[in-house]
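Inside the fold
Each chain is listed here by its residues.
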Amino acid sequence: MDGKAAPKAGEGTATTTRTRLDRGRGALGPALELVHTGRAPTRAVLTAELGVTRATAGAVAAELEALGLIRVDAHPGAAAGSQGRPSHRLEVAENGPVALAAQVHADGWRAALVGLGGRIVATTPACEIVDADPTKVLGSVVDAGAALLRETGRRCVGAGLAVPSAVAEPAGLALNPLHLAWPAGAPVRDIFAERVRAAGIEGPAFAANDVNLAALAEHRHGAGRGARDLLCVATGHRGVGGALVLDGRLHTGSSGLALEVGHLTVNPEGRPCHCGSRGCLDVEADPLAFLTAVGRDPGPEDSTLKQADDLIRTQYADPSVRTAAETLIDRLGLGLAGLVNILNPDRIILGGMHRALLEADPDRLRAVVADRSLWGQSGVVPILACTLDHNSLVGAAELAWQPVIDDPLAALA
């Protein structure tokens, strides 16, 4: 005998498991991202995607489950006609942590709690009043979000804010919140972060442009899944925005101001734009432009976006509605063609009222883009409708989830 005590029952197994986890600790973030985005529905797929052994993938999945982030189903039912034992199924934890997401736009604001997988857990009713003081508005948004957290009892990993403005980095300034009547250069990220801390909400706080966040959410959970170079163009309640996702990351430019597509000129003799030019997408292809072209005065009963969407979806046969819609489709197609020539995306997704225009007359829009763009003529670029409800809210939550995805152990310590 060498004097060493014999290992106790189970010690060898525990040591082996710890060793496997230590080897796979660097894979925790990539593994969580795969489950979060739906690309690893089983442990077998996770093993293949990570390029690790089955045992290491099992240890990684077990650790993420212990952190309350995912659920591992070790006894899934076998599919009809399948052979062998089915692989463990992986899904985000139904009762896991959440991120606080907030969105402010020209017709109001909303707060929500969003879990992994882009699932909205709870949301406040839409508020239709936006004060000219961003501190007052963001205070109300955060207070509403804090109430949701108290009601649900969920742990919060952080907070994200979507605003209809370019957000300059690194200061987090809303440079042009024109449709909100907020002062140009409002420090929205600092205001939001201060209100989050004052409400006792844990985790970091972020702010970004709403269309950027919509594109990020759609790339991870919606119509943009699988695209390498994804172009998103959308009109929400007012104006037109754009975003580009390259290799899974938002392309924001040197200071967060890339893809201000709303100020592409599509009608040189068109309406005056807030930027000082004329005929920009921002004023030629948004809900207000459409309602004006139809001869409808936007009433106070619904948002301009809802009024425009309802007209397109329910009264497209009306000659005045169809004519106005075709004019906007042609303007939008001209702008998209220019973007295709510059960016050469492998997919385009459209949100807000642009989604309704695409669904109403898909052939016309695609024909305009193909006719006006070099790459559109040589190879058709798929143009799809966004599929997520509240995608800017989901995208705002993605900002807060990113530190957890990057390093789950550090973020949840």
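For the structure, see preceding data.
Because the structure is a prediction, the values reported are computed rather than measured. Position labels on residues start from 1 in each chain and follow its written sequence. For this predicted model, a pLDDT threshold of at least 70 governs which residues receive local features, and a threshold of 80 or more governs which side-chain atom pairs are given and counted, while totals over whole chains, interfaces and linings are taken from all residues. In computing side-chain properties, one takes all heavy atoms of the structure into account and sets aside hydrogens as well as water.

1. A look at the overall build of the protein
Elements are defined by DSSP. Helices are runs of H or I of four residues or more, strands are runs of E of two residues or more, and each kind is numbered from the N terminus. In terms of regular secondary structure, the protein is built from 16 helices and 14 strands. Our radius of gyration looks at C-alpha atoms and nothing else; its globule reference is 2.2 Å times the residue count to the power 0.38. Here the C-alpha atoms of the protein give a radius of gyration of 24 Å, agreeing with the 22 Å that 2.2 N^0.38 yields for 413 residues. Viewed in the frame of its principal axes, the protein has a C-alpha envelope of about 95 × 50 × 40 Å. Remark: exposure states derive from per-residue accessible area (1.4 Å probe, protein chains only) relative to the maximum for the residue type, with buried under 20%, exposed over 50%, and partly exposed in between. In the protein, which comprises 413 residues, the share counted as buried stands at 50%. Long-range pairs, those at least 24 residues apart, make up 64% of the contacts in the protein between residues at least 6 apart in sequence. The contact definition used throughout considers only heavy atoms, calling two residues in contact when any of these lie within 4.5 Å.

2. A closer look at the pairing of strand β3 (residues 98–105)
Each regular strand displays side chains that alternate between the two surfaces of the sheet. Most of β3 sits inside the fold, with eight of its eight residues counted as buried. The two faces of β3 match: V98, L100, A102 and V104 on one face and A99, A101, Q103 and H105 on the other face are all buried. Strand pairing is defined by DSSP finding a minimum of two bridges between the two strands. Pairing between β3 and strand β6 (residues 156–163): five bridges, direction parallel. Each bridged residue has a counterpart across the sheet, and for A102 the counterpart in β6 is L161.

3. Observations regarding the sheet that holds strand β4 (residues 108–114)
The sheet built from five strands is open, its strands ordered β5-β4-β3-β6-β9 with mixed pairing. A strand with exactly one partner marks an edge of an open sheet, and here the two such strands are β5 (120–123) and β9 (205–209). Strand-to-strand twist across the sheet, computed as the mean angle between neighbouring axes with direction ignored, equals 25 degrees. Where β4 meets β5, three bridges bridge the pair, whose relative direction is antiparallel. Within β5, the residue paired with A112 across the bridge is T123. Lying on the sheet, helix α5 (residues 134–152) is in contact with β3, β4, β5 and β6; it crosses β4 at an angle near 30 degrees. Strands β3, β6 and β9 of the sheet are contacted by helix α6 (residues 188–198), whose axis makes an angle of about 145 degrees with β9. Here, axes are lines fitted to C-alpha atoms. For helices the fit covers the stretch in contact, and angles between N-to-C directions go from 0 to 180 degrees.

4. Regarding empty space enclosed by the protein
In this analysis a 1.4 Å probe is tested at points of a 1 Å grid over the protein atoms alone, and where it fits but cannot get out there is a cavity; an open set with protein on both sides within 12 Å along at least five of seven lines is a pocket; lining residues have an atom within 4 Å of a point. Grid points are joined across faces, edges and corners, and a volume is the space filled by probe spheres set on the points. For the structure shown, the criterion picks out one cavity of 30 Å³ or more. Roughly 30 Å³ of internal volume is contained in the largest cavity. In terms of lining residues, the largest cavity is bounded by A166, V167, N209, N212, G242, G256, A258 and E260.

5. Here's the deal with the nonpolar core
Judged by nonpolar contacts, the single largest core of 38 residues is most densely connected at V233, F290, L336, I348, L350, M353 and L365. Looking at this core, the elements that each hand over two or more residues are β10 (229–235), α9 (287–294), α10 (304–314), α11 (319–343), β13 (347–352), α12 (353–360), α13 (362–372) and β14 (383–385). Sort the elements by how many residues they give to this core and α11 lands first, with nine residues. Nonpolar core, defined: a set of buried Ala, Val, Leu, Ile, Met, Phe, Trp, Tyr and Cys residues in which side-chain atoms within 4.5 Å join the residues together. L28, A162, A208 and A396 belong to the second largest nonpolar core, which has 34 residues in total.

6. Some thoughts on the sheet that holds β10
Read across the sheet, five strands follow the order β12-β11-β10-β13-β14 without closing on themselves; strand pairing throughout is mixed. A strand with exactly one partner marks an edge of an open sheet, and here the two such strands are β12 (249–250) and β14. Here two bridges tie strand β11 (residues 241–246) to β12, and the two strands are oriented antiparallel to one another. Pairing of L246 across the sheet is with R249, part of β12. This element, α11, spans β10, β11 and β13 of the sheet and lies at about 155 degrees to β10.

7. Structural notes on the environment of L90
Residue placement: L90 occurs in strand β2 (residues 89–92). Each C-alpha atom, one on L90 and one on G185, is 44 Å from the other, the two residues being 95 residues apart in sequence.

8. Some words on the pattern of salt bridges
Any carboxyl oxygen of Asp or Glu that lies within 4 Å of a side-chain nitrogen of Lys or Arg is treated as forming a salt bridge with it. Tallied over the full model, the rule gives 14 salt bridges. A salt bridge links D286 to R238; the nearest nitrogen and oxygen atoms lie 3.8 Å apart. Taken together, the residues span a long stretch of sequence, with D286 in the loop between α8 (281–284) and α9 and R238 in the loop between β10 and β11 at a distance of 48 residues. On the accessibility criterion, D286 (3% relative accessible area) is buried. The residue R364 makes a salt bridge to D330 at a minimum N-O spacing of 3.0 Å. In this pair, R364 sits in helix α13 while D330 sits in helix α11, placing the two residues 34 residues apart along the sequence. We classify R364 as partly exposed; its relative accessible area is 28%.

9. Thoughts on the environment of R271
With respect to the helices, strands and loops of the structure, R271 is situated in the loop between β12 and α8. Distance from R271 to R238, taken between C-alpha atoms, is 15 Å for residues 33 residues apart in sequence. With near-sequence residues (within four places) excluded, R271 lies in contact with S277, R278, G279, V283, E284, A289 and T292. Here a polar contact is taken to be a pair of N or O atoms separated by no more than 3.5 Å, where protein atoms must pair a possible hydrogen donor with a possible acceptor and residues adjacent in sequence count only if both atoms sit in side chains. Within the structure, R271 has its side chain in polar contact with the backbone oxygen of V283 (distance 3.4 Å).

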